[in-house]
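# Summary of the model geometry
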Amino acid sequence: MNERSRISHFANSEAPLDIARYIESGGYVGLMAALGKTSAEVIGVVKNSGLRGRGGAGFPTGLKWESVAAGEQPYLVCNADEGEPGTFKDRFILERAPYLVLEGMTIAALAIGAREGYIYVRGEYPEIAKMLALATEKAKARGYLGNDILSSGFSFDVAVRVGGGSYVVGDETALLNSLMGNRGYPMLKPPFPTEKGLWGKPTVVNNVETLAYVPIILGLGAQAFASIGSVNCPGYKLFSLSGHVANPGVYEFPMGTRLRDVLEKAGGVTGTLKAIQIGGTAGPIFGPAALDYNLDFPSMQKAGGALGSGAIVAMNTSVNMAHVLEVTMRFFAQESCGQCFPCRYGTRQLDYMAHRIALGLGKVEYLDLMRETATVMVGASFCPFGQSVALPLKSLLDEFGDEIVSFMTEQQYLKEVSE
Ligand SMILES: Cc1cc2nc3c(=O)[nH]c(=O)nc-3n(C[C@H](O)[C@H](O)[C@H](O)COP(=O)(O)O)c2cc1C
Ligand code: SF4
């Protein structure tokens with residue numbers, strides 16, 4: 001295995017802003033390789049590598065770049081909003097390997113012909129925003145960013161912007177609205193940002209992790225990257241492990257690694273595994289059968305879930321699933337942007353019923369009503385946020401509905417005997 005095929009190889013927690021150390025570890029090899037190629041060749045390398053976006057949807061990166069490459073005055077945006085509960089892998093990259101992301105952005109800009117780029121950083125990561133501003137200055141001073149990069153005639157600059165703490169602004173259309181100074185509301189697609197994005201210009205929005213793998217691909221070559229992991233979904237992937245695992249943290253594995261093996265590497269589950277949520281709060285909650293799932297985009301889709309951001313939250317038998325239902329619905333109610341009625345109202349209804357259930361005041365009829373509400377939201381909500389509530393809700397009720405009903409019955413009984 002070539003160590004340089006992993007983001008972790010470039011992660012330097014002691015001196016992340018030391019650009020000389022980054023170069024010593026193999027940094028900027030990818031950019032130098034890219035500068036010797038045409039835009040079409042760079043896009044060809046990324047397409048042949050099979051890289052899929054790590055922001056959640058797994059869209060092929062080379063294809064996205066290609067659709068913008070012919071456009072007039074395109075922009076590049078790095079999505080560092082990372083609001084998904086249980087997800088902290090972009091933070092890991094930005095805190096330890098900021099130059100890898102800047103290098104990936106510069107290669108992406110070269111491929112699509114962008115002169116200006118933005119990093120949109122989650123509002124709760126102010127220290128990272130400061131670090132990134134310093135890193136851009138240092139990269140410029142060394143000629144890796146700014147005017148006439150490495151005397152190639154290509155110029156590209158990056159500005160850092162900080163979000164206001166909204167989860168929904170992680171959606172690329174809402175993020176672009178926010179960058180333009182508008183309220184962070186999602187917009188209808190089409191037109192896609194690649195057609196009409198920042199200030200009406202074609203725009204590529206890529207996740208931090210996606211961009212961090214780009215220099216690695218250019219440095220190693222497409223085939224080396226394509227030979228790692230799953231055939232249909234190659235390369236490494238960062239997973240954020242939390243909950244009842246012995247050693248929570250960020251781990252990097254080839255795509256397609258079994259969940260069981262990922263958890264083992266993190267020291268295993270503490271106690272007996274009861275439930276596991278994969279892909280973030282908008283992902284389904286599975287029972288222990290999920291241990292045999294292969295973690296890549298196509299395999300997870302086949303299993304009825306989604307790899308999403310690669311968040312993995314393990315829950316042992318001490319967890320009350322009525323409480324999981326409550327915190328999940330509260331998240332949706334608190335983060336709904338309120339732009340459309342089905343989501344604004346639906347999330348509040350779901351939150352109300354889940355809260356009553358957790359207090360022991362719920363009714364069994366609530367469970368059907370919650371399913372119906374989620375079904376309406378899937379069809380009628382304006383953006384993927386409102387449409388996604390059904391996945392965690394229905395999986396919770398399918399897998400743990402009996403436990404939730406028993407909890408309600410028991411609470412009812414305890415109330416009656418105490419009266
Ligand atoms: C509600 C919502 C929140 C999102 N949050 C993020 C996020 O925090 N980071 C991210 O990269 N993508 C997020 N996305 C996905 C982006 O819209 C977009 O698909 C992604 O940034 C594209 O990057 P990629 O092609 O490199 O995966 C979110 C999408 C939705 C609908
Ligand atoms: S679905 Fe929810 S988050 Fe999306 S636009 Fe409507 S209210 Fe906002």
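Before any of the text, the structure's been laid out above.
Along each chain, residues carry numbers from 1 onward, in the same order as the chain's sequence is written. Both sets of labels track the order of writing: A upward for chains, 1 upward for ligands. In keeping with the predicted nature of the model, local features appear solely for residues at pLDDT of at least 70, side-chain atom pairs appear and are counted solely at 80 or more, and the whole-chain, interface and lining totals rest on all residues. The basis for every side-chain value is the complete set of non-hydrogen atoms in the structure, without hydrogens or water.

The residue Q277 is located in strand β8 (residues 273–278) in this model. Contacts described as polar in this section are N or O atom pairs within 3.5 Å, which, within protein, must combine one atom able to donate a hydrogen with one able to accept it, while residues neighboring in sequence count only if both atoms come from side chains. Polar side-chain contacts of Q277 include one of 3.2 Å to the backbone oxygen of G280. Among the polar contacts listed, one links the side chain of Q277 to the backbone oxygen of G283, at a separation of 2.8 Å. Residue contacts are defined here by distance: any two heavy atoms, one from each residue, within 4.5 Å place the two residues in contact. Residues within four places of Q277 in sequence aside, it is in contact with G283, P284, I285, A311, I312, V313, M315 and P392. Helix and strand definitions here come from DSSP, where helices need a minimum of 4 consecutive H or I residues and strands a minimum of 2 consecutive E residues; each element is numbered from the N-terminal end.

Quick look at the environment of G44 now. Examined against the element boundaries, G44 turns out to sit in helix α4 (residues 39–49). Along the sequence, G44 and P288 sit 244 residues apart, while their C-alpha atoms lie 41 Å from each other.

This paragraph deals with the packing of α4 against helix α7 (residues 98–112). In this analysis, axes come from line fits to C-alpha atoms, helices being fitted only over the stretch in contact, and the angle between any two N-to-C directions falls in the range 0 to 180 degrees. Interhelical geometry of α4 versus α7 gives an angle of 125° and a closest axis separation of 7 Å. Between α4 and α7, the interaxial angle falls into the category oblique. Of the two elements, α4 crosses α7, and the hand of that crossing is left-handed. Contacts from S39, V42 and I43 in α4 reach I107, L110 and A111 in α7. Angle categories are assigned with fixed cut-offs, so that under 35 degrees is roughly parallel, over 145 is roughly antiparallel, 65 to 115 is roughly perpendicular, and the rest are oblique. Left-handed describes a crossing whose near helix is turned anticlockwise from the far helix by less than a right angle; the clockwise case is right-handed.

When we say a residue is near a molecule or strand, we mean one of its heavy atoms is within 4 Å of it. For ligand 1, the set of nearby residues contains 17 residues, the closest of which are G55, K64, E172, N207 and T210. G55 is positioned with one of its backbone polar atoms (N or O) 2.8 Å from an oxygen atom of ligand 1. Protein coverage of the free-state accessible area of ligand 1, which is 620 Å², stands at 87%. With three residues, the single largest contributor to the shell around ligand 1 is strand β4 (residues 203–207). Tallied by class, residues from the shell around ligand 1 come to three nonpolar, eight polar and six charged. Using the Shrake-Rupley algorithm and a 1.4 Å probe, accessible areas are obtained, with residue cover drawn only from the displayed protein chains. Residues are sorted three ways: Asp, Glu, Lys and Arg are charged, Ala, Val, Leu, Ile, Met, Phe, Trp, Tyr, Cys and Pro are nonpolar, and all the rest, Gly among them, are polar.

Helix length check: helix α16 (residues 365–380), at 16 residues, gives a terminal C-alpha distance of 23 Å against a target of 22 Å (1.5 Å per residue), a fit within 8%. Working definition: with a 1.4 Å probe on protein chains only, accessible area under 20% of the residue-type maximum means buried, over 50% means exposed, and in between means partly exposed. Burial in α16 covers these residues: Y366, L367, M370, T373, A374 and M377. Around the axis of α16, the buried residues are gathered within 125° of arc, so they sit on the same side. Turned more than 90 degrees away from the buried face of α16 sit E365, D368, E372, V376 and G379, all of them exposed. Multiply 1.5 Å by the residue count of a helix minus one, and that product is the helix's expected span. Arc, as used here, means the arc of the directions from the helix axis to the C-beta atoms.

This part is about the pattern of salt bridges. Whenever a carboxyl oxygen of Asp or Glu lies within 4 Å of a side-chain nitrogen of Lys or Arg, that contact is scored as a salt bridge. Counted under the stated rule, the structure contains 21 salt bridges. For the salt bridge of K201 with E72, the shortest nitrogen-to-oxygen distance reads 3.5 Å. Placement of K201 in the loop between α9 (172–179) and β4 and of E72 in the loop between α5 (61–69) and β1 (75–80) is noted, with a sequence separation of 129 residues between them. With relative accessibility at 56%, the residue E72 sits in the exposed group.

In the region of ligand 2, 13 residues are neighbours, and C337, G338, C340, C343 and C383 sit closest. Each residue belonging to the shell around ligand 2 can be placed in one class, and the counts come to eight nonpolar, five polar and no charged.

Looking only at α4, the buried set comprises V42, I43, V45, V46 and S49. Within α4, the buried residues cover an arc of 155° as seen down the axis, which keeps them to one side. Projecting away from the buried face of α4 at angles above 90 degrees are the exposed residues A40 and N48. The secondary structure elements touched by the buried residues of α4 are α3 (29–35), α5, α7, α10 (208–220) and α11 (222–226). Of the residues flanking the end of α4, it is G50, one or two places downstream, whose phi is positive at about 80°.

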